[in-house]
Amino acid sequence: MWTPTEEEKYGVVTCSFRGSVPQGLVLEIGETVQILEKCEGWYRGVSTKKPNVKGIFPANYIHLKKAIVSNRGQYETVVPLEDSIVTEVTATLQEWASLWKQLYVKHKVDLFYKLRHVMNELIDLRRQLLSGHLTQDQVREVKRHITVRLDWGNEHLGLDLVPRKDFEVVDSDQISVSDLYKMHLSSRQSVQQSTSQVDTMRPRHGETCRMPVPHHFFLSLKSFTYNTIGEDTDVFFSLYDMREGKQISERFLVRLNKNGGPRNPEKIERMCALFTDLSSKDMKRDLYIVAHVIRIGRMLLNDSKKGPAHLHYRRPYGCAVLSILDVLQSLTELKEEKDFVLKVYTCNNEGEWSQIHENIIRKSSAKYSAPSASHGLIISLQLLRGDMEQIRRENPMIFSRGLAITRKLGFPDVIMPGDIRNDLYLTLEKGDFERGGKSVQKNIEVTMYVLYADGEILKDCISLGSGEPNRSSYHSFVLYHSNSPRWGEIVKLPIPIDRFRGSHLRFEFRHCSTKDKGEKKLFGFAFSPLMRDDGTTLSDDIHELYVYKCDENSTFNNHALYLGLPCCKEDYNGCPNVPSSLIFQRSTKESFFISTQLSSTKLTQNVDLLALLKWKAFPDRIMDILGRLRHVSGEEIVKFLQDILDTLFVILDDNTEKYGLLVFQSLVFIINLLRDIKYFHFRPVMDTYIQKHFAGALAYKELIRCLKWYMDCSAELIRQDHIQEAMRALEYLFKFIVQSRILYSRATCGMEEEQFRSSIQELFHSIRFVLSLDSRNSETLLFTQAALLNSFPTIFDELLQMFTVQEVAEFVRGTLGSMPSTVHIGQSMDVVKLQSIARTVDSRLFSFSESRRILLPVVLHHIHLHLRQQKELLICSGILGSIFSIVKTSSLEADVLEEVEMMVESLLDVLLQTLLTIMSKSHAQEAGEYVSCLLSLLRQMCDTHYQHLLDNFQSKDELKEFLLKIFCVFRNLMKMSVFPRDWMVMRLLTSNVIVTTVQYLSSALHKNFTETDFDFKVWNSYFSLAVLFINQPSLQLEIITSAKRKKILDKYGDMRVMMAYELFSMWQNLGEHKIHFIPGMIGPFLGVTLVPQPEVRNIMIPIFHDMMDWEQRKNGNFKQVEAELIDKLDSMVSEGKGDESYRELFGLLLLEKIEQETWRETGISFVTSVTRLMERLLDYRDCMKGEETENKKVGCTVNLMNFYKSEINKEEMYIRYIHKLCDMHLQAENYTEAAFTLLLYCELLQWEERPLREFLHYPPQTEWQRKEGLCRKIIHYFSKGKSWEFGIPLCRELACQYESLYDYQSLSWIRKMEASYYDSIMEQQRLEPEFFRVGFYGRKFPFFLRNKEYVCRGHDYERLEAFQQRMLSEFPQAVAMQHPNHPDDTILQCDAQYLQIYAVTPIPDCMDVLQMDRVPDRVKSFYRVNNVRKFRYDRPFHKGPKDKENEFKSLWIERTTLTLTHSLPGISRWFEVERRELVEVSPLENAIQVVENKNQELRALIGQYQHKQVHGNINLLSMCLNGVIDAAVNGGIARYQEAFFDKDYITKHPGDAEKIAQLKELMQEQVHILGVGLAVHEKFVHPEMRPLHKKLIDQFQMMRASLYHEFPGLDKLSPACSGSSTPRGSVLASHSPVSPESLKMTHRHSPMNLMGTGRHSSSSLSSHASSEAGNMVMLGDGSVGEAPEDLYHHMQASPSSSSLSSTHSAPSQMIASAPSSARGSPSLPDKYRHAREMMLLLPTHRDRPSSAMYPAAILENGQLPNFQPALFQQVIGACKPCSDPNLSVAEKAVPAAPSSWSLDSGAREAQPFLSAHMGRILAPPVPPRSLLHGHYSLHFDTFHHPLGDTPPALPARTLRKSPLHPIPASPTSPQSGLDGSNSTLSGSASSGVSSLSESNFGHPSEAPPRTDTMDSMPSQAWHADEDLEPPYLPVHYSLSESAVLDSIKAQPCRSHSAPGCVIPQDPMDPPALPPKPYHPRLPALEHDEGVLLREEADRPRGLHRKASLPPGSTKEEQARLAWEHGRGEQ
């Protein structure tokens, strides 16, 4: 049964509870719980962390604590009953815990460890407090430590400052705002002090009079460890000041026996002393604890013969020291005893014994030695603080141990009355004695007695040290064999005061013989009286005493015998006639020295003081004695203060008339002496004296009389020093007067009361008289008045003892009122006057409401005057603060209302004025003081006060002025941050006061200034204030911790909501005047609605509807509201305000309101566009503030910019974002994009002289100037981005302007700039970028990307994989889609992010430029990839049944064309796709494009070679011809013939007749071009390469023969191969014109791009798919897959292939966006995955537009193709130089650009197929060579990779379908990188992929290593003289060439196989290749020829021809195989 708990209400969780039971409450250890019910060992309740969640938990997991329960029942509150500081520590530590961990995360390690230390200390201190075992003082000290640490931590963690009073957190409701402000200040100071020195004692206010705290050392001797002395010892401890060289304390004596224990058994564990009364100054001295060890025993320790055993001497043994400064720090921190070991040293020379301690301290080690390591004193020390009473209370245990109090030799800082002391300290200094006929020096012992006047030896008047009883005699220690001993031993003589006078000291000197008898022989004595004849004590000095001779027989019974003798020199001078016949003769050669120091409160050494104290003995000298008192030292006066005062008042009573004035002056002198800082702490002594010891009952009359006389004299006297002194002594004079009157009244039962009162009245008249005198001309009078005013407030308390509060208040009012009201008396007097008022206000008198009613008007009057004139503001604020503090504490009294009313009338207006003045000067401290005063006043005001205030205004103008002032002050308060950020308590209180005041004042504003008297200024001020208030940082509760938020809400509520309601109601009250605040208040109100408080938003958003409505009524539209709202929304959202929920709420609330309106349509449209703008702004802000990538930021900015321009037409905002975007581009070094961005602004400007205002960073200037500056900047950016073509039109535009203005200097400059740009275009290398299409699908993407597709211009060298990784890192949540298909709705609408990425090919706009013959390739390269708006990618697929014999019949291309919103490059690196078109290219059209591309390529290459005058390297031509002819022979063109010239095909496709004819023409043209090519080859072929040429002729004949069936007259058409020259025209007559389709097919050429979709990428008969199609393959069953050929197009060094194999090529663009092979392709069956992943291990191709969607070589059975070993040998191993059908011939001539890993010219790591991967030529990278001008192919249409610093090639033209007759020759002959390096050229460069004949296979063992790669090519292979050809020559066909061809053709083909092993020699030995990283090998596969031929038709032809030849096979063998294969096919 659950029952409510009665006692168990609050507890702490001691063990974490997981809540594993039904209704269980999860609790963490350390949480606190509030318990509601209990049941059988379980509690039910809530955690204070989550008060809304109730649950059950085990009772034994909870430690119960006492608590106070209020409001018992369902809503009860529980407060733990513990010290508030404990609660604070708990809460603070919990708050720090999370912040502390964050410090580590943020690498603030130093603070992390410091804070951990402080937290541990706090936990420990909290534990001490909770233990309950501490004394009150200890509790106070612990609390002090806690608060210092709490404040330190809060300061360093940036938390709020906690205001405290006496270590407790103050409640701001209980004190005035002024006090709260002061507490904040003092807390801040204490934090700053603790930061610098965590444990310093804080100076507390009002403690200047505090008694100084004495320090005490507690010392306890634990043991003396020694084994060697074996005698009793005395150990003397004392404090020694090394700097002064003197002992400063008495000695503490410990007597030990020979075993080291105490001689007195009762002393065990009690050998301890307290060295008392050390001042703070003493603690800073260089103090040491010195221990002297004196042994008592034989003369010599180790010699038993020296002296008899029964005689014991005191003999010096050793000394030990300990520096107090060294141990003080640890003692201060420890607060308990700490042990130390003091090592004991012995003196090497006894004569220096008196200095041993100094020698040890100075470390003069030659003068002392350590007898053994074991000798040491173990002592413990403890430092205690406080007076003796406090020490006794706090440490009772110490005093129970028989503690020896060991005093200072002098007086402590304070001598309290009743502290009687009478000690004479005597130091035995030294003696000088005669040898006395002895052969050795004496062993002298001194014995001292104290004798009274009657000769009696005084008992127990000698103390060797504290801790042992006093003695009657003293025996000095004996120094062995020393006639001049130095003792330096201090003895205390505590002689009773009554025995002091007449006593004397006698010193007896004995020689201690070490002979057998060992007796001590007396040989002399000395003596000294203690007091002089004049009554003064022996002076503190060294005294030389006369030594008188005597012996053992001499008697001292009659001391009068020697007392009559002179004791010293001074004495001798006083009595020169001493008879010489006396018994005692003075030994003139001997002397004895002592020094004395008196510490006595009863005895003095000052003659004048003694005379005063004994004035009755000299009645005639009293006047003189009183006069001489001024010359007595202050120390003596304070020492005998009580006696002196008693004496003075006795003299006064004796003869008032005669001595009155002198006694008064003496009293004033003594009182003022105590004002001296040195004696300030003697004031308590004076107070004690007045209260307890003063007995002058009649003194008051004379004191009043003298005081009044002084006052009255002040007008006449010139010198007023004594008057000023009397004024300064006023406080104590009044104390004496009042106490005297009380004593008199007590004695006489109140007689003469009226006389006393009237005398005081008269005295006050005199005081007023002094103050009313005009002191402007008299400085002395000014000082008198100042002294009087300073002392005046101190007398109130005394007067209150005799008069009522009202009477005293009237006295004070009269006095303060007598001061001149003007402020111009002089600044110093103003200050004194105000200080006097301040002290009046601080006095006890002012705390009585009766006195305040009287005094407040005069005080306020003076303050008002000063504030009006802005004088002494700080003092005035202090006075006001005190007044408010007093009023607040007594705020329950009815009188307070009247007082507040008085202050409101007098102060409110002037306070506001003062604050406005101060705030304008930004005086922070003064502002803080006055703000706290104003807030105090406003807080005290209630309804009636406000009512009176508002009623008291005479006119509306006055009210208006007041409202404007107070609103202005409030606004400044919030703007200026008068209070620091961490003063949260103060800031919240300020806000509370403001909101309350505004609520009172708003009704007055509404009532007085709404209707006819509407005043815009006041209303505007009010609205501004309200807006500022709601936006205050301190009120934004969302950003603070929940605990703090709860505390604030509980205390104040959400003040923003209160103010918002107030604001809304005031807005509604405006009525028709609302229009005045449109559009002015839109921005401020918008700021309010953006505050993240739902209620504030709900209240304020409808105001916008109101504004729209009013403007609609007035203007018929709401354009102003619209414009302003959009303008302000932008700046506020970018500042971080607003969120998604605000956007939704804004739309919802306004649309709901607008629904009812007539202007609904325009309203809804406006609200919709604003919410859309907000959406974009929020996206923009999130991008900017987050660590987002450049792409996102640019995208956001462009999106927002376009919105401003196109949707809401805000030009200024548009321009702002143009510049933001430009800055982003510059930061990312996208200079071209930056230029295009800035161009947008430039285009908005005209060439006009219209003046423009200052805007952004532009100065005020004309439009022309701004446009010119922009143009120059844009041109500069285009230049930096290497986009000179874009800069040139701007140069021309500027030139035109300069020319029109005849500004020839600028014109010259711009023309030169333009010319330099043309140079740059022709000379500088530029990279061609890749383009990627990216789709962003899913709702999680930012608004501007969501479900859109973009094309992005890649960075330099960026390939698909890198781009894909970049995109995935930008969107880490995104998933890469693995297919190119358009996503369906499920993906578009899901809450996720999907990325779809593939490469696309640009379709240039400027086709004309690209088709012009004479345009240099560098220029074409630019136009191919710039100003591009259309892009495409191709996907091959089979339509209908797939023909396994010839796949080309059904191989279609799906071509997608993307059109962007803007051309690239532009203002961004990417633009959105605007339109997509999808067309299908038929197999026939594809074939036409492939053949056409190859023809163009051949034409261009042949044109470059045909007119070379010198023999050059023609390997490139050889390879190209070989590739085409070989492919044709081995079935390339034949496949097209089979597919499209077949009768079945023609009959089925009657519409294709024209296209078939076109294909035929192209094939004929190819044959003709090949003939010309062979003729050129014949001309330049190297003799050693002739066999290759013959082989080519052979194969060409075969090719022609294979085409005879289709083209019967073909042999007549080829002049190169037939005897007759046929005119070219006839051949070309049937060529169809260039179709639009073929125009579209003209794509970019990139030297790096082996598989580039835009390039003409196959031989005439290879690659039946176009180059775009060349990357995507079909699996055998028609599903999409990869052919090995694709892989090798990317990576293989030797991509020769027949036409058939290309059937499987796939477009590179379709490569999946998966960044690596790790991403599985969902569309691939599992059986293909392994092979795909394996292939992905190969490096990807550098410059294909992208890697394929499925970059794996997969065959139909899912296995990797059977690569023959030779293939791998070549692909991965030797990397033979060879050709790629997808490269134009010209491209292949390019030397590789140096890669990042091959910049040296020596051997480099030729990583396998990295050359292909990096997009190089088909060989390992070539080191950069210093090539001469023109050695690059000039057909590099898009060559843009910088190749070192080589100069660019001269312009060359390429042909496109021009007649072959004038094939243009290149002015420079490109050199192949393969010069003389290919031993197996036969068939190695066929284009396309060869069919697999038996010649393709060999055994790996046959393959010797290759060294003839491009790496090994010597630089001499490049010839320098080949660029001398004329630029353009017609083609000549020589008869001999034709004849040769014909004759060759006539012979049988087989006889022309090339001879074996024809290897041209390099000019020098090539360097060996570097080792390859890895060589994968596959087993050799053996197939017989028949199998091969059968498989040929259905195998994907993925292997290049080059790869299919074993590297070791001879040329002859290869030729034979090729020929046989060709025959077989025919």
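Higher on the page you've got the structure.
Residues numbered from 1 in each chain as written. Predicted model: local features only at pLDDT ≥ 70, side-chain atom pairs only at ≥ 80, totals over all residues. Heavy atoms only, no water.

1. Some points on the pairing of strand β15 (residues 272–278)
Applicable threshold: Categorising residues by exposure relies on relative accessible area from a 1.4 Å probe, with only protein chains included: less than 20% of the type maximum marks a residue as buried, more than 50% marks it as exposed, and the intermediate range marks it as partly exposed. Helix and strand assignments follow DSSP, with helices taken as H or I runs no shorter than four residues and strands as E runs no shorter than two, numbered in order from the N terminus. Here, any two strands with at least 2 DSSP bridges between them count as paired.
With seven of seven residues buried, β15 is to be regarded as a mostly interior element. For strand β11 (residues 215–225) and β15, the ladder comprises five bridges, and the chain directions are antiparallel. Its bridge partner being in β15, H215 is matched across the sheet by L278. Pairing analysis gives three bridges linking β15 to strand β22 (residues 404–406), with the strands arranged parallel. Across the sheet, residue F275 finds its bridge partner in β22, namely T406.

2. Some details on the pattern of salt bridges
Note the following rule: Every case where a carboxyl oxygen of Asp or Glu lies within 4 Å of a side-chain nitrogen of Lys or Arg is listed as a salt bridge.
Applying the stated criterion across every chain yields a total of 86 salt bridges. Where D797 meets R844, a salt bridge forms, and the shortest distance between an N and an O atom there is 3.6 Å. Remark: R844 occurs in the loop between α26 (827–842) and α27 (849–868) and D797 occurs in helix α24 (residues 796–802); sequence separation between them is 47 residues. The partner of R1586 in a salt bridge is E1578, and the shortest N-O contact between them spans 3.1 Å. Sharing partners across several salt bridges, the network here consists of D171, D173, R939 and K1051.

3. Topic: the sheet that holds β11
The criterion, for reference: A fitted line through C-alpha atoms serves as each axis, taken over the contacting stretch for helices, and the angle formed by two N-to-C directions is quoted from 0 to 180°. Whether two residues touch is decided by their heavy atoms; if any such pair falls within 4.5 Å, the residues are in contact.
Pairing within the open sheet is mixed, and its five strands lie in the order β18-β21-β11-β15-β22. Both edges of this open sheet fall to β18 (338–343) and β22, since each of them pairs with a single strand only. Averaged over all adjacent pairs, the angle separating strand axes in this sheet is 30°, with direction ignored. Looking at chain direction, β18 and strand β21 (residues 376–385) are connected through six bridges and run antiparallel. The residue of β21 that forms the bridge with F340 is I379. Together, β11, β18 and β21 form the strand contacts of helix α6 (residues 324–334), whose direction differs from that of β21 by roughly 55°.

4. Describing the side chain of D1109
Of note, D1109 is situated in helix α39 (residues 1102–1115). Overall, D1109 belongs to the buried group, its relative accessible area being 10%. In contact with D1109, other than residues within four places in its own chain, are E1157 and W1159.

5. So, helix α47 (residues 1284–1300)
Turn by turn, an α-helix covers 3.6 residues, leaving residues three or four places apart pointing in a common direction. Going by this rule: Expected helix span is given by 1.5 Å per residue-to-residue step, counting one fewer step than there are residues.
The end-to-end C-alpha distance of α47 is 24 Å, a good match for the 24 Å that 17 residues give at a rise of 1.5 Å each. Contacts made by the buried residues of α47 are with α45 (1231–1244), α46 (1263–1280), α48 (1304–1323) and α52 (1417–1425). In the stretch just after α47, Y1302 is the one whose phi turns positive, near 60°.

6. Notes on the packing of helix α42 (residues 1160–1185) against helix α44 (residues 1211–1227)
For the record, the criterion: By definition in this entry, angles of less than 35 degrees are roughly parallel, angles greater than 145 are roughly antiparallel, angles of 65 to 115 are roughly perpendicular, and the rest are oblique. In a left-handed crossing the near helix is turned counterclockwise from the far helix by less than a right angle, and in a right-handed crossing that turn is clockwise. Under the grouping applied here, Gly and all other residues not named as nonpolar or charged are polar, the nonpolar ones being Ala, Val, Leu, Ile, Met, Phe, Trp, Tyr, Cys and Pro and the charged ones Asp, Glu, Lys and Arg.
Relative orientation of the contacting elements α42 and α44 amounts to 30°, with a least axis distance of 14 Å. Classed by the angle they form, the pair α42 and α44 counts as roughly parallel. Considering how the two elements wind past one another, α42 and α44 form a crossing that is left-handed. For the pair α42 and α44, the contacting residues are L1177, Y1180 and M1184 in the first and Y1217, K1220 and M1224 in the second. Among the residues making up the contact of α42 with α44, the classes are represented as five nonpolar, no polar and one charged.

7. As for helix α29 (residues 895–921)
What counts is decided by this rule: At every residue, the bend is computed as the angle between two fitted axes, covering the seven residues ending there and the seven beginning there respectively.
The end-to-end C-alpha separation of α29 is 37 Å, in line with the 39 Å expected for 27 residues at 1.5 Å each. Where α29 bends most, at L907, the angle is about 45°. Just past α29, the residue S922 takes up positive phi, approximately 60°.

8. Looking at the packing of helix α18 (residues 683–693) against helix α21 (residues 730–748)
With their axes 10 Å apart at the nearest point, α18 and α21 run at an angle of 15° to one another. By the angle class used here, α18 and α21 are roughly parallel. Crossing handedness for the pair α18 and α21: right-handed. In this structure, α18 contributes R683, M686, D687, Y689, I690 and Q691 to the contact, and α21 contributes E731, Y732, K735, F736 and Q739. Residues of the contact of α18 with α21, tallied by class, amount to five nonpolar, two polar and four charged.

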